[in-house]
Structure formats: C-alpha cells, structure tokens
Number of protein chains: 2
Amino acid sequence: MTASRRRDFQITDAYPTRGEGPERWIERADKVVWSDWTEDAPLTREQANGFARDGFLVLHDLFSPAEVEALVDAAAQLRAEGRDRAGDDVVTEPGSDAVRTVFRLEDHDELMARLSRDARIAGIARFLLGDEVYIHQSRLNYKPGFSGKEFYWHSDFETWHAEDGMPRMRAVSASLLLTDNRAHNGALMLMPGSHRTFVSCVGATPEDNHKSSLKAQKVGTPSQESLARLAEAHGITDAEGPAGTLILFDCNTMHGSNGNITPFPRSNAFFVYNAVSNALVEPFAAAKPRPDWLARRGAAEAVEVEEGRLG
Amino acid sequence: MTASRRRDFQITDAYPTRGEGPERWIERADKVVWSDWTEDAPLTREQANGFARDGFLVLHDLFSPAEVEALVDAAAQLRAEGRDRAGDDVVTEPGSDAVRTVFRLEDHDELMARLSRDARIAGIARFLLGDEVYIHQSRLNYKPGFSGKEFYWHSDFETWHAEDGMPRMRAVSASLLLTDNRAHNGALMLMPGSHRTFVSCVGATPEDNHKSSLKAQKVGTPSQESLARLAEAHGITDAEGPAGTLILFDCNTMHGSNGNITPFPRSNAFFVYNAVSNALVEPFAAAKPRPDWLARRGAAEAVEVEEGRLG
C-alpha cells in the first residue's frame, strides 16, 4: 500500500528534486495566499499582497511587552529544564549541556502551546493557507553570541517535500523573535520573490540525513550559480526587529542566516503550519521519513485557534 | 643595545599586555585627534569631533565614480596577477590559487600607490595624527561571497604594540571599500567609544603568531566578559556603504566582522598610517618582530601627500 501510493505520487510529483538530472528551476504551481482578502482577514490588504509578492512578512507590535516578557521567561525556563531531559527533541551545543533547540515546543510548555494556537499567528496561517492548519514542526531556537554559526541558503519546502513527503507548497513558517535581532547578529535573510521558483537540487538524500543537516545542510541547497542569480534578481532582505517581532514566510522562500560574533544571542519560537489538506505522504526523495518530532505524521490535528491575549 | 632599549621601553610601557596578570582595562593615555581644528582642516569640525568621540568616521562620496571604477579594475588586475607571483606578501585561499590578500599594496600597483598618498586619505591621517605619517601596513583585501569567514573582535593597537613595537596610540587605519558592503555581507563592525579603553590581554604571544593570527586571531583578543561590557556600554555600529566609501578608524577601536553567506564578496584597499614620531621599536610582548611586509620597520619615510584626482 505504502509503496504503490508512493509511486503514484512520484508520477505526479510537481516538484521533483534530488534526482539524477542537473539542477533546474521549476515555476511554482501553487498559490501563495490561498484565501481571498476580506475586511475580516487577520492581515490588512497591503500585508496580504506583500506576503503574496515577497513570500514573507515582518510584523511588529502584535504582542504586548508583558506577553513578550512572559514568553522570554518561559523560553529561559525551558532551556534550563532542557538540560535535565535531553532527548531526541532537545538538542544541546556540541560538548556542552547548553540547550540550543527544543523541538515539539508546544508539548514542552503550556504558554508556548497557547502561543501556537494564537489567532495572531495560527489565525494568520489559516488565512494565508486557506484551510485548517496543523503544526508540521515547531521549535525553540537559541544561538549564543560570539560564536553563533551561519545557516546556509535553502528552501524549507525542498527538504519537507524530499524528506518528509509534503506534497505541495501550502505551508508557512512563523518565527516570533525572543531577542532583538539585527543583520549583525545573524538576522534571518530572505530573498523576496524567490518563493515563486522551485530550485530542483542535485544529489541523493543520504541515510539519516537529518542527523547532520540540522547542523549544516549539505544536500538540498542550490548551487552558488542559482543563488547568485536569485540574489541578483530579488535582492536580500534582513528580517530585523526587536523581541516580539513576528516573521512569517512561505515554505519555499529562499533564506539563510549569517554567523554572529556579537555578544548578542538570538532566540525565537518557531512554528511551521501546514494545511490539513496538504498532510504528509511518503517522502518524494528519501528512503524513509524523518522522525515525528521533525515532521509530524499521522492524522493532521487542526489547531484550535484562540483569540485574545496570552495567559 | 637592542636588549637594553627594549628594557627601557618595557619600564615605561603605557599599555602592558600579554603579561602574567589577569585581563584588565587601562584608560587611554594618548590623544585621539592630535591637531587643533582649523578651517583648513581636511575634515569638518563635526567630522573631527565625531572621530574623537567614536574612534571612527565613515565618509561617502569622497571619490568620483570614475576613480572608484579605476581602483576596482586595478584591484581585479592585482588579484589576477597575484596568482603568478604568490609570495609571503600575497596570500591565497587555502587549497586554491584565488588571491585573498596582497600586502604592501603600494609596492604592487601605481594607482594604489597614488591612492596611498592621496590627500583625501593620507591628508586626513596626517591631520588626525598631528604629524607626518608613514605606512605601517597596507593590503588589498578580498573575501569571496558564500563562504567569507568572520574576523573576531580585536584592537589593532594591541597587536601592533605587542608584536610590532608600536609605542603609543598614534596610528589610524583607512579602508576604502571596493565593493558595496552591508551588515549582511560582513561589513566592518566597530564599537564607538571603545578606543578610550585599552584591554590588556592575557596569554603570551606564540612564536610566529602571525602565521595563524592572520586567519584567525587567538592571542590578543579580549574575553567575552570584556567584549560584552564594551558592547553594552558602547553598542555596535555597522560601517556600511557603497564601493568608494572610506572608513577611518583609530588604532585602538574595537572591531570585527561577521562571516558572509551572501553571494556578494567584500573587498577593500587598506592603509594603516602611523605618525613618524611613533615609529616602531622592539616588540613589547613578543620574542621578535613580525616581518616587514606586516609592519614596516626601519627609517620612517613620510608619505608625500598629493592633492587632486587620482590618475
């Protein structure tokens, strides 16, 4: 059953990647904003148009200072506790017990769970994707100052399609900054408009690729030639802002971040929402799917969006 | 003679560093701007005051587009020729013949030599230092896109004092950008006001330290605690600008640069001017001085400043 289903999907694969052919560009076959804008939408018309055009949106002042402070405290608490319960979904710095990433964030903390359902995030995701949404992946990210490493250019969708079996481009990432973030401490860089091009990458997926790709992605990244052409065509925007800033970006927007020698750490709460109609099938270009804490499988459980303040 | 002279200077060393004691902060004992401002000065009063206050100055539009273009061409030519005459003062990328640095820049190219004497650079240096100036060090820097490495925080003076024997803080660096430089492609970061504090560093200088310190400085960098305190007190400024921008900074201003994953390379022509009255003596904290192409020794030859356009 699984095998034949997988074959069916490969036949109709809209975004083939990591095959035997050369790198190539494929025009996006999916919408970016899946709802028609109305006055009730959780974004202004300009914001919705901006997201459709650029493939991302940076929103300031959605959360009150008190809410941001409570989230920052919760994150510190999680990192402190994380030392004692390190497992697959709690990643520490190499050679240290400092917690760098906590996956399945909403399972680890009630305030973060509430945040993942908040109308100001999940409600916007639901509008953008024109469907009920579920959490494909979530994590608390923390990168220390002085030695924060870069993360090279990639489209998330390329990995999610190849390794997780996400069929179409109908997912959005939401990053809520928990520290001030500027270009010089490694703010997220995005290429506006790059979400309209799928870069089909070369090279097969190694077994258990995620064990190294979470630290530095090797497979599924475009060539320097493609990246230079994309950057030339689209430019690069730094998603800067104070703690509390929300960055929403399409699953296929080319992004990356530089290393950081400043003393200022970076941290964010990160949620990927996928349309329930776009739930995962078998991977399109990997022998087996990644673990559930990296890409939620099984019956898609729609997020129950909640209005009002956190807490 | 050499030994006794060195001992004399150690006794009166205003900026001891790399000794046996702990890290400590020493207040600057030297002026920053050594000339009194007059209407004839090559900087406005505001610019001169800004340099004294911040320890750096970013100047736009000093050079015409045609001059900048000629310099960019000369730099490309030098890098192309450098492959064929790699020596101690021409540094290539590890595992490649791509030229990354050409030291003694004014000895390699006539236009660069003319630039090193230009009133818009050397004339300003002469004003700031209140003395005739000579070139302590110069280089063409080129860092490719996608993989440009970071350079960690340091005060140049700390190294020049310890390893080259520069007695006092009476030198200024001038970096003329030959590519557009923004925070996200690793623009120079400076801590404004940090030039008033000398951070006396721990750890002895290893033999032939410059062979590794040019790639990544290990000795002579402040602790994370000191850097965090300095950044907290002073903040961090990104010296951004298009090709042709001139960045002048005091020898003791704390600075560094991040790595660069963007496709956009960084390049600059870099000249360090020292006051002739501040010529090098024996190193204050190293067994022997660095090579001449890193730190010019011998009789200080004053730059003959030239007015007018390049070329």
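Definitions and limits used
- Residues numbered from 1 in each chain as written.
- Chains lettered and ligands numbered in written order.
- Predicted model: local features only at pLDDT ≥ 70, side-chain atom pairs only at ≥ 80, totals over all residues.
- Heavy atoms only, no water.
- Phe/Tyr/Trp six-rings, centres within 6.5 Å; stacked < 30°, edge-to-face > 60°.
- Helix = DSSP H or I, 4+ residues; strand = E, 2+ residues; numbered from the N terminus.
- Pairing = 2+ DSSP bridges.
- Contact = heavy atoms within 4.5 Å.
- Buried area = accessible area lost by both parts, 1.4 Å probe.
- Salt bridge = Lys/Arg side-chain N within 4 Å of Asp/Glu carboxyl O.
- Buried < 20%, exposed > 50% of the residue type's maximum accessible area, 1.4 Å probe, protein only.
- Least-squares fit on C-alpha atoms with pLDDT ≥ 70 in both.
- Polar contact = N/O pair within 3.5 Å; in protein donor to acceptor, adjacent residues only side chain to side chain.
- Core = buried A, V, L, I, M, F, W, Y, C linked by side-chain atoms within 4.5 Å.

## A few points about the packing of aromatic side chains
And step 1. If you walk through the whole model with that rule in mind, you get 12 aromatic pairs over all chains.
And step 2. Their ring planes at 75° and their centres at 5.9 Å tell us that Phe157(B) and Phe198(B) sit as a pair that is edge-to-face. Linking Phe157(B) in helix α7 (residues 156-164) with Phe198(B) in strand β9 (residues 197-200), this pair joins segments that are 41 residues apart in sequence.
And step 3. Put simply, the rings of Tyr15(A), Phe157(A) and Phe198(A) pair up and form one aromatic cluster.

## Some points on the sheet that holds strand β8 (residues 189-190) of chain B
Adjacent strands of a sheet form backbone hydrogen bonds with each other and so pair up, either parallel or antiparallel.
Residue and element names in this part refer to chain B.
And step 1. Taken in spatial order, the four strands line up as β6-β12-β8-β10 in an open sheet, and their pairing is antiparallel. Every other strand in the sheet has two partners, leaving β6 (151-154) and β10 (237-238) as the edge strands with one partner each.
And step 2. The sheet contact formed by β8 and β10 spans two bridges and is antiparallel. If you follow methionine 189 over to β10, its bridge partner there is aspartate 238.

## Some thoughts on the interface of chain B and chain A
And step 1. Between chain B and chain A, the residue contacts involve 24 residues of the former and 24 residues of the latter.
And step 2. Between chain B and chain A the total buried area reaches about 2000 Å² when both faces are included, carbon and sulfur atoms providing 66% of it.
And step 3. Its largest share of buried area at the contact with chain A, chain B owes to Phe146(B), His184(B) and Ile261(B), together 34% of the area lost on that side.
And step 4. Run the count over chain B and chain A and you get two salt bridges.
And step 5. Two residues, Asp238(B) and Arg182(A), come together in a salt bridge whose shortest N-O distance is 3.3 Å.
And step 6. Elements with a minimum of two residues in the side of chain B that touches chain A: β6, α9 (224-234) and β12 (255-257) of chain B.
And step 7. With four residues, the top contributor of residues to the side of chain B that touches chain A is α9(B).

## Description of unusual backbone geometry
Residues and elements named next belong to chain A.
And step 1. Of note, the phi angle at arginine 18 is positive, near 60°, even though the residue is not glycine.
And step 2. Relative to the elements of secondary structure, arginine 18 occurs in the loop between α1 (2-11) and β1 (24-27).
And step 3. The class of arginine 18 is buried, set by a relative accessible area of 5%.
And step 4. Unlike most non-glycine residues, aspartate 208 shows phi in positive territory, near 50°.

## What about helix α6 (residues 119-129) of chain B?
And step 1. Of all 11 residues making up α6(B), 10 are buried, and the element is well covered by its neighbours.
And step 2. Gly130(B) occupies a position one or two residues after α6(B) and carries a positive phi of about 60°.

## Comments concerning the relation of the copies chain B and chain A
And step 1. When chain B is fitted to chain A, the best match, at an RMSD of 0.0 Å, comes from turning it 180° and sliding it 0.0 Å along the axis. One copy is carried onto the other by what is essentially a two-fold rotation axis.

## Comments concerning the environment of Leu248(A)
Residues and elements named next belong to chain A.
And step 1. With respect to the helices and strands, leucine 248 occurs in strand β11 (residues 246-250).
And step 2. Judged by its relative accessible area of 0%, leucine 248 is buried.
And step 3. When the C-alpha positions of leucine 248 and leucine 59 are compared, they lie 8.1 Å apart, and in sequence the two are 189 residues distant.
And step 4. If near-sequence neighbours (up to four positions away) are discounted, leucine 248 is found in contact with Phe51, Gly55, Phe56, Leu57, Leu59, Ile124, Ser173 and Ala174.

## Side note on the side chain of Glu158(B)
All names here are of chain B.
And step 1. Tracing the backbone through its elements, the reader meets glutamate 158 in helix α7.
And step 2. Here the side chain of glutamate 158 touches arginine 18 through a polar contact of 2.6 Å, side chain to side chain.
And step 3. Setting aside anything within four residues of it in sequence, one finds glutamate 158 in contact with Thr17, Arg18, Phe198, Val199, Cys201 and Gly220.

## Digging into the side chain of Arg290(B)
Residues and elements named next belong to chain B.
And step 1. Secondary-structure assignment places arginine 290 in the segment after β13 (266-275).
And step 2. Among the residues examined, arginine 290 registers a relative accessible area of 8% and is labelled buried.
And step 3. A polar contact of 2.8 Å, which involves the side chain of arginine 290, links it to the side chain of aspartate 164.

## As for the environment of Arg196(A)
Residues and elements named next belong to chain A.
And step 1. Assignment of secondary structure puts arginine 196 in the loop between β8 (189-190) and β9 (197-200).
And step 2. What makes arginine 196 partly exposed here is its relative accessible area of 41%.
And step 3. Sequence separation between arginine 196 and alanine 119 is 77 residues; the distance between their C-alpha atoms is 27 Å.
And step 4. Contact partners of arginine 196, with chain neighbours within four places excluded, come to Ile26, Glu27, Arg28, Val32, Ala52 and Asn252.

## Thoughts on the pairing of strand β4 (residues 99-103) of chain B
Residues and elements named next belong to chain B.
And step 1. With respect to burial, β4 is a largely interior element, five of its five residues being buried.
And step 2. With three bridges joining them, strand β3 (residues 90-92) and β4 adopt antiparallel strand pairing. From the neighbouring strand, valine 90 faces β4, where its bridge partner is valine 102.
And step 3. Pairing of β4 with strand β5 (residues 133-143) involves three bridges; the strand directions are antiparallel. The residue bridging phenylalanine 103 from the neighbouring strand is arginine 139, located in β5.

## Things to note about the nonpolar core
And step 1. Ranked by internal contacts, the top residues of the largest apolar core, which has 45 residues, are Phe51(B), Met112(B), Leu115(B), Leu128(B), Leu248(B) and Tyr273(B).
And step 2. Core analysis: the next-biggest nonpolar cluster, separate from the first, contains 43 residues, Leu57(A), Leu115(A), Val133(A) and Ile135(A) among them.

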